[in-house]
Amino acid sequence: MKREKNNRPYLTQFQPNEYQKYITYSLIFLLCYGFYKNGLLPIFHQDANIWYLLKLMIYPIGGYLFGKISEKYGKNQNGFYAFYGLLIGMSMPIQLNWLLFLLILGILFWLFQIFLANIKWFSPLLLSRGIFSLLIVINSVSFLNPSEGNQEMVYTTLDIFFGRSIGGIYTTSIFWLFITFLILCFHDLYKKEIPVFVLITYIMSALCFEIFLPTGNLLLTILNSSTIFASIFLASEIVSAPYIDKSKWTYGILVGFFGFLFVRFINVQEGIYLSLALCSFLPPLLDKWFYHRQKKRSFVDSSKPKIPFAKNNLPKLKKS
């Protein structure tokens, strides 16, 4: 099978499309639940109208279509820009203006395709989501849907786990996020080590900070659906994420640690996306460093003289 030219040598010209379909199908649970929680429930409570329901569908569908357009007319036709647009649209806050979202996403994809298509360290998904995060944080965009904004909500641990908490339009259900993660683990191309290390580092950092700087919100910090969604789908992105094992571990630890810092001190929902944008240039450097280190070590090991037999098996000399 002929390999296509890209910065990840294990991808072939057939595998990316198959993987993209697999991971897109796994998003159906999150899409259905998000549509129910942030779309149907406000209508049932008479806090929204049909136009609001249509607006809810614009973010993922519009992101997907803009990605398709950029693939068709851009330089980098790797087949993933539509998937990037879908993920970005799913993680948007419901109160972000949909026209502004489509305009910024279209400009970003157009600029990336023209000027940054051949840069290996560049991740259009992580950088685009990081730019949106800055916009959301600066303008204090709310993640509350109409029903949540009209009344004071009190959430139990089960409410947060099953998705009634605050978050992106289609990313609030931790239960379905973990189900999706288990589904993705069955695919050989999914880099499951990265989300595992991201979440472990994130939780350990939260525990350590809670000991020395207690806030009383440890459970809410750990059960952060935005962090879990970004760890599962964005941090493990197949094209730009590391592919050497030690690179994956190191990358996951750094993303998890900085993600917690940004969640704690900047923004609860957007902290992990800022961390991913900050660390987006690291995968090629980590892969290159660990590759040369492993190659150097294997060269040193091969240059050592080989002992044909063990010391204990040396022939015994007869006493004269």
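The structure this text deals with has already been given above.
Computed from a predicted model, the values in this text were never measured in an experiment. (Residues numbered from 1 in each chain as written. Predicted model: local features only at pLDDT ≥ 70, side-chain atom pairs only at ≥ 80, totals over all residues. Heavy atoms only, no water.)

Peer 1: Any chance you could explain empty space enclosed by the protein here in plain terms?
Peer 2: Inspection of every chain in the model, using the stated rule, returns 1 cavity of 30 Å³ or more. As for the largest cavity, its lining consists of Tyr19, Ile23, Phe83, Phe233, Ser236, Glu237 and Ile238. Considering only residue class, the lining of the largest cavity consists of 5 nonpolar, 1 polar and 1 charged. (1 Å grid on protein atoms, 1.4 Å probe; cavity = no way out; pocket = protein on both sides within 12 Å on 5 of 7 lines; lining within 4 Å. Points joined across faces, edges and corners; volume = space filled by probe spheres on them. Nonpolar A, V, L, I, M, F, W, Y, C, P; charged D, E, K, R; others polar.)

Peer 1: Could you clarify how one ought to interpret the nonpolar core in this entry?
Peer 2: In a soluble, globular protein the nonpolar side chains are often hidden away together inside. Met92, Phe101, Phe132, Phe229, Phe233, Leu234 and Tyr251 are the most contacted members of the largest nonpolar core, which has 66 residues in total. Look past the residues within four positions of Phe132 in its chain and what remains in contact with it is Ile88, Met92, Leu96, Phe101, Ile104, Leu105 and Leu108. Formed by 5 residues, the second largest nonpolar core is a distinct cluster that contains Tyr202, Ala206, Leu261 and Val263. (Core = buried A, V, L, I, M, F, W, Y, C linked by side-chain atoms within 4.5 Å. Buried < 20%, exposed > 50% of the residue type's maximum accessible area, 1.4 Å probe, protein only. Contact = heavy atoms within 4.5 Å.)

Peer 1: So what exactly am I meant to see when it comes to the pattern of salt bridges here?
Peer 2: As a working rule, side chains carrying opposite charge can pair if their charged atoms are close by. By the definition in use, this model includes 3 salt bridges. For Glu193, the salt bridge goes to Lys248, with nearest N and O atoms at 3.5 Å. Of this pair, Glu193 sits in helix H10 (residues 193-212) while Lys248 sits in helix H13 (residues 245-265), and the two are 55 residues apart along the sequence. A relative accessible area of 23% places Glu193 in the partly exposed class. Asp245 is the partner of Lys248 in a salt bridge, and the nearest nitrogen-oxygen pair spans 4.0 Å. Of this pair, Lys248 and Asp245 both sit in helix H13, 3 residues apart, which is roughly one turn of that helix. (Salt bridge = Lys/Arg side-chain N within 4 Å of Asp/Glu carboxyl O. Helix = DSSP H or I, 4+ residues; strand = E, 2+ residues; numbered from the N terminus.)

Peer 1: Help me understand H10 in this model?
Peer 2: Since there are 3.6 residues in each turn of an α-helix, residues three or four apart along the chain are aligned in direction. Between the first and last C-alpha of H10 there are 29 Å, a value that for 20 residues agrees with the 28 Å anticipated at 1.5 Å per step. Among all positions of H10, only Ile194, Pro195, Val198, Leu199, Thr201, Tyr202, Ser205, Ala206 and Glu210 are buried. Summarising the axial view, the buried residues of H10 lie within an arc of 165 degrees, below the 170-degree limit, and thus occupy one face. Across H10 from its buried face, at more than 90 degrees, point the exposed residues Ile211 and Phe212. For H10, the elements touching its buried residues are helix H9 (174-184), helix H11 (218-222), helix H12 (225-234), H13 and helix H14 (271-278). (Expected span 1.5 Å × (residues − 1). Arc of directions from axis to C-beta.)

Peer 1: Explain the environment of Leu116 to me, please; I cannot follow it from the model alone.
Peer 2: Inspection of the secondary structure puts Leu116 in the loop between helix H5 (98-115) and helix H6 (124-139). Since its relative accessible area comes to 26%, Leu116 is described here as partly exposed. Each residue touching Leu116, except ones within four places of it in the same chain, is listed here: Leu111 and Phe122.

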